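Here is how the chains run, residue by residue.
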Amino acid sequence: MTARLPIRPRIENHEDIAAYLQRCATANNLTFIELTGTRRHAQVWETPSSSQLEAAAFQTETTVERLREAALTTAFAAAKPARTMTGRRYSGVPAKCPECEVDTVAARLAMTVLCPRCNVLLADQHDPHPLQPPTVLSDVQTEVLQTVARARRSRPARERLARLESLMKAQEWALWRNWPALLPGEATEWRERVMSFTANHAEPGQILPARPPALTAELMALTWQPSATPSETSRHLDNVAYMSETWAPPKTGELPAEAQQRAADELRRLANLHGLRFSHIPTTIRHQGDSIVLPRHLQTTRAAQAIAMAAVVHSLSTGATMTAARVVERQGHKTTDRVLRLATRMIRNRHMWTHFAAHASVLHSEGLLDLERLRGELRSLTAVPRSALTALPPQCLAVTRPTEIAAAWVWLDATQGRLAGGPYPAMSERAIRRFDRLLNPEGRLTLREWWQERTEQIADQPSTEPRGQRRERSTG
Ligand SMILES: [Zn+2]
């Protein structure tokens, strides 16, 4: 319909074009489709065409310029809608201001959490009655939106927004598993409310696809300051990686100093009496129930723990110190600067020794394996022969490139480490987890027997469990 509407509401300050056209349709007893030929939540209203703008301007007696200002890509030309944390809000459910009830164009972006008209927290279907957010949020929101406005011309502004995005992503994990210090003026009640949303909605190990404004607000307020410079960002990401650890040694009721002393004694005992050496330490730490490839948020801290543990075991068994970088070099893999920085911190941190002692006990009870030698022997294994795969479940053979995936699986199973340093350091982690899920116990045993025969790998000590059943903890 292209006639002038009998009733023509005025567009509100900050109002989104589609929200405005919806009000016009409703006022005239029309549906949105009857008025515009599209759906209310069609993405086309983020970048309407000239003919759509002209038609709407005529129908509503508004100028084309005013309507264009109400479209996302004009109003926030420098925003990056595709970003998961700061970009487009999940479609179809606009966040509304509970006070003025206007759908603002700004609210199409996830990083807009306060109504630009009323400065109150936006409400959406996940959290229809939000609490009062910490006051610090108002300043953060203003600065974020000013940075978006500058981003078109300013490279530093664009870079800061990119850092903010990566920080928010990383912070989300640490937020669920830890309790970062409260923000200035932040109430425990508010924080609990934010956390309980995820407890009720998120799958373990998954980043939420749809975050209510309160959660985005919390993530943004926790990370905006650290996004100021690359070095602050890096420091914050180090801390976040460190805090992503979910595992802790069982509580003993000892004082920290006592627990640390006992851990050091235990590590010395394993080194002196049972021959625990550098070569027995894997390149990542996996605990019972962990998947064969760790989830992303744990990879940094667990790789750092393994490197630090290898350095500590080396120094206890030989008396010589070893840097984190030298550990990585000798183990024959690659890692990031962040992992090296964390590992260096952990070598000095006596609390981490309680982790190392717990893991060393597990390695010992399962039979110490010369993982360094295994890595050397399996590094060039790029495919498991088809003849060795015949006993696997048919679904395992139906995956893409099964002989290569089996080689990557064998590498992980035998070395208990990471993909780094192996034949496929960049192989799809998802594909390997899927292959591992498809393997039945017999399939695992077959592959395990195959690599054990191939490497003639002998444990330094007899194992207490039959071979082949060991390390089930690290698959699944
Ligand atoms: Zn409002």
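Residues numbered from 1 in each chain as written. Predicted model: local features only at pLDDT ≥ 70, side-chain atom pairs only at ≥ 80, totals over all residues. Heavy atoms only, no water.

A. Fine view of the overall build of the chain. Secondary structure summary: the chain contains 20 helices and 0 strands in total. Taking the principal axes of the C-alpha coordinates as reference, the chain spans close to 90 × 55 × 40 Å. When contacts within the chain are restricted to residue pairs at least 6 apart in sequence, long-range pairs at least 24 apart make up 69% of them. With the model as given, the accessible surface of the chain reaches about 22000 Å², and the carbon-plus-sulfur share is 52%. Treating the 61 positive side-chain charges of the chain as one cloud and the 49 negative ones as another, the clouds have centres 5 Å apart. (Helix = DSSP H or I, 4+ residues; strand = E, 2+ residues; numbered from the N terminus. Contact = heavy atoms within 4.5 Å. Areas by Shrake-Rupley, 256 points an atom, 1.4 Å probe, with all protein chains shown as cover. Lys, Arg positive; Asp, Glu negative; His and termini not counted. Charge placed at Lys NZ, Arg CZ, Asp CG, Glu CD.)

B. Spotlight on the confidence of the model for the chain. Of all residues in the chain, 93% have pLDDT values of 70 or greater, and the mean over the chain is 90. Low pLDDT, under 50, characterises residues 461-476; the stretch is placed with 53 contacts to residues that sit more than four places away or in other chains. (pLDDT = per-residue confidence, 0-100.)

C. Highlighting the pattern of salt bridges. Per the counting criterion, the structure on display carries 28 salt bridges. When the shortest N-O distance is used, the salt bridge between Arg66 and Glu69 registers 3.8 Å. A residue pair is termed a helical-turn pair when its members lie 3 or 4 positions apart in one helix, as Arg66 and Glu69 do in helix H4 (residues 64-69) at 3 residues. The partly exposed category is assigned to Arg66, whose relative accessible area is 22%. Through salt bridges that share partners, Asp16, Glu46, Arg88 and Arg108 make up one connected network. (Salt bridge = Lys/Arg side-chain N within 4 Å of Asp/Glu carboxyl O. Buried < 20%, exposed > 50% of the residue type's maximum accessible area, 1.4 Å probe, protein only.)

D. Highlighting the nonpolar core. In terms of nonpolar packing, the biggest core is built from 36 residues, with Phe76, Val113, Leu121, Leu137, Val144, Val148 and Met220 touching the most fellow members. Contributing elements (two or more residues each) for this core: helix H6 (136-150), helix H7 (155-177), helix H8 (188-201) and helix H9 (213-223). Examining the composition of this core, we find that 7 residues originate from one element, H9, more than from any other. Ignoring any residue separated from it by four or fewer positions in sequence, one finds Val113 in contact with Val120, Leu121, Leu122, Leu137, Gln141, Pro213, Thr216, Ala217 and Met220. Formed by 35 residues, the second largest nonpolar core is a distinct cluster that contains Ile307, Val312, Leu316 and Trp353. (Core = buried A, V, L, I, M, F, W, Y, C linked by side-chain atoms within 4.5 Å.)

E. Structural context of the domain arrangement of the chain. According to the domain assignment, the chain consists of domain 1 (17-75), domain 2 (109-240), domain 3 (256-374) and domain 4 (376-469). Of note, the centres of domain 1 and domain 3, computed from C-alpha atoms alone, are 61 Å apart. (Domains from an automatic or database assignment.)

F. Spatial organisation of the environment of Ala308. With respect to the helices and strands, the residue Ala308 is situated in helix H12 (residues 296-318). A C-alpha to C-alpha distance of 6.7 Å links Ala308 and Thr344, two positions 36 residues apart in sequence. With residues up to four places along the chain from it excluded, the contact list for Ala308 reads Ala343, Met346, Ile347 and Phe356.

G. Fine view of helix H10 (residues 230-243). Over its 14 residues, H10 extends 20 Å from the first C-alpha to the last, a length consistent with the 20 Å expected when each residue adds 1.5 Å. Residues of H10 that are buried sit in contact with H7, H9, H12 and helix H14 (337-348). (Expected span 1.5 Å × (residues − 1).)

H. Representation of the coordination of the zinc ion within the structure. Binding of the zinc ion to the protein goes through Cys97 (SG), Cys100 (SG), Cys115 (SG) and Cys118 (SG), at separations of 2.1 to 2.3 Å. Coordination geometry of the zinc ion: the 4 donor atoms subtend angles of 106 to 115° at the metal centre, consistent with an arrangement described as tetrahedral. All donors to the zinc ion come from one chain, and their sequence spacing reads C-x2-C-x14-C-x2-C. Here the residue Cys97 occupies a position in the loop between helix H5 (72-75) and H6, and Cys115 occupies one in the loop between H5 and H6, the gap between them amounting to 18 residues. Given the relative accessible area of 1%, Cys115 is considered buried. (Donors = N, O, S within 2.8 Å, 3.2 Å for Na, K, Ca; no water. Tetrahedral: all angles 85-135°; square planar, octahedral: opposite > 155°, others 65-115°.)

I. Representation of the packing of aromatic side chains within the structure. Here the structure, examined in full by the defined rule, presents 1 aromatic pair. For the pair Phe32 and Trp45, a centre-to-centre distance of 6.1 Å together with 85° between the ring planes defines the contact as edge-to-face. You can see Phe32 sitting in helix H2 (residues 32-36) and its partner Trp45 sitting in the loop between H2 and helix H3 (50-60), a full 13 residues away along the chain. You can call Phe32 buried: its relative accessible area is 5%. Residue classification places Trp45 among the buried positions, given a relative accessible area of 2%. Arg191 extends its terminal NZ or CZ atom over the ring of Trp179, reaching a point 5.1 Å from the ring centre. (Phe/Tyr/Trp six-rings, centres within 6.5 Å; stacked < 30°, edge-to-face > 60°. Lys NZ or Arg CZ within 6 Å of the ring centre and 35° of its normal.)

J. Expanded view of the packing of helix H16 (residues 371-378) against helix H20 (residues 441-455). In contact at an axis separation of 11 Å, H16 and H20 are set at 95° when each is read in the N-to-C sense. In terms of axis orientation, H16 runs roughly perpendicular to H20. Here Arg373, Leu374, Glu377 and Leu378 of H16 come into contact with H20, specifically with Trp451, Arg454 and Thr455. For the contact of H16 with H20, the residue count by class is 3 nonpolar, 1 polar and 3 charged. (Axes fitted to C-alpha atoms, helices over the stretch in contact; angles between N-to-C directions. Parallel < 35°, antiparallel > 145°, perpendicular 65-115°, else oblique. Nonpolar A, V, L, I, M, F, W, Y, C, P; charged D, E, K, R; others polar.)

K. Structural view of the packing of H7 against H10. Running from N to C, H7 and H10 cross one another at 25°; their axes reach a closest spacing of 9 Å. By the angle between their directions, the pair H7 and H10 is classed as roughly parallel. Pair H7 / H10 crosses with left-handed handedness. Here Arg163, Ser166, Leu167, Ala170, Gln171, Ala174 and Arg177 of H7 lie close against H10, whose contacting residues are Pro230, Thr233, His236, Leu237, Val240 and Met243. Its residues placed into classes, the contact of H7 with H10 shows 7 nonpolar, 4 polar and 2 charged. (Left-handed = near helix turned anticlockwise from the far one by under 90°.)

L. Region of the structure containing the side chain of Glu165. Along the chain, the position of Glu165 falls in helix H7. When near neighbours in sequence (up to four residues on either side) are disregarded, Glu165 contacts Arg83, Thr84, Met85 and Thr86.

M. Broad picture of unusual backbone geometry. Here Arg401, not a glycine, exhibits a phi torsion of approximately 50°, which is positive. Tracing the chain through its elements places Arg401 in the loop between helix H17 (394-397) and helix H18 (402-415). With a relative accessible area of 46%, Arg401 lands in the partly exposed category. Unlike most non-glycine residues, Gln416 shows phi in positive territory, near 55°. As for its placement among the helices and strands, Gln416 is situated in the loop between H18 and helix H19 (429-438).

N. Quick peek at the environment of Trp353. Structurally, Trp353 can be placed in helix H15 (residues 350-365). Its relative accessible area of 7% is what places Trp353 among the buried residues. Along the chain, Trp353 and Glu266 lie 87 residues apart, while their C-alpha atoms are 9.8 Å from each other. Among residues more than four places away in sequence, those in contact with Trp353 are Ala263, Ala264, Leu267, Val312, Leu316, Met346 and Ile347.

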